[in-house]
Amino acid sequence: MLLLRLSPIIPFNATNYIGGVTGVRWEIFSLAILGIIPMQALTIAAGASARSISYHDAMSNDESRTAQYVFVLVGLIFGSLQLSS
């Protein structure tokens, strides 16, 4: 169960369903929740680094403006891919 939680490919809803259908003991399932921590740490680090690109910085520097456009474009692409799946 922990290995399923560590996999970024399988969504958490699917691992919850798998845990319920296969009859995994609640102790094992509860310990497997610790597998969420690495992905959450990565998400927090990405958010903290993206926060440094602010609107004020983007307007004062052409490189920052380009970086902001790239981040917005990548976000829109991934968002649309998520919505289409």
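Shown above is the structure to which this text applies.
Residues numbered from 1 in each chain as written. Predicted model: local features only at pLDDT ≥ 70, side-chain atom pairs only at ≥ 80, totals over all residues. Heavy atoms only, no water.

**Q** Sorry, what's going on with the overall build of the protein here?
**A** When its secondary structure is counted, the protein shows 6 helices and 0 strands. Walking the protein from its N terminus toward its C terminus, one meets helices and strands in the order α-α-α-α-α-α. Burial status across the protein gives 8% buried among its 85 residues. Sequence separation of 24 or more characterises 43% of the internal contacts of the protein that already satisfy a separation of 6 or more. (Helix = DSSP H or I, 4+ residues; strand = E, 2+ residues; numbered from the N terminus. Buried < 20%, exposed > 50% of the residue type's maximum accessible area, 1.4 Å probe, protein only. Contact = heavy atoms within 4.5 Å.)

**Q** Help me understand the environment of Ser 30 in this model?
**A** Checked against the element boundaries, Ser 30 lands in helix α3 (residues 26–32). The class for Ser 30 is partly exposed, based on a relative accessible area of 39%. A sequence separation of 28 residues divides Ser 30 from Leu 2, and the C-alpha atoms of the two residues are 9.6 Å apart. There is a polar contact of 2.8 Å between the side chain of Ser 30 and the backbone oxygen of Trp 26. (Polar contact = N/O pair within 3.5 Å; in protein donor to acceptor, adjacent residues only side chain to side chain.)

No statement about biological role is implied by the geometric values presented.
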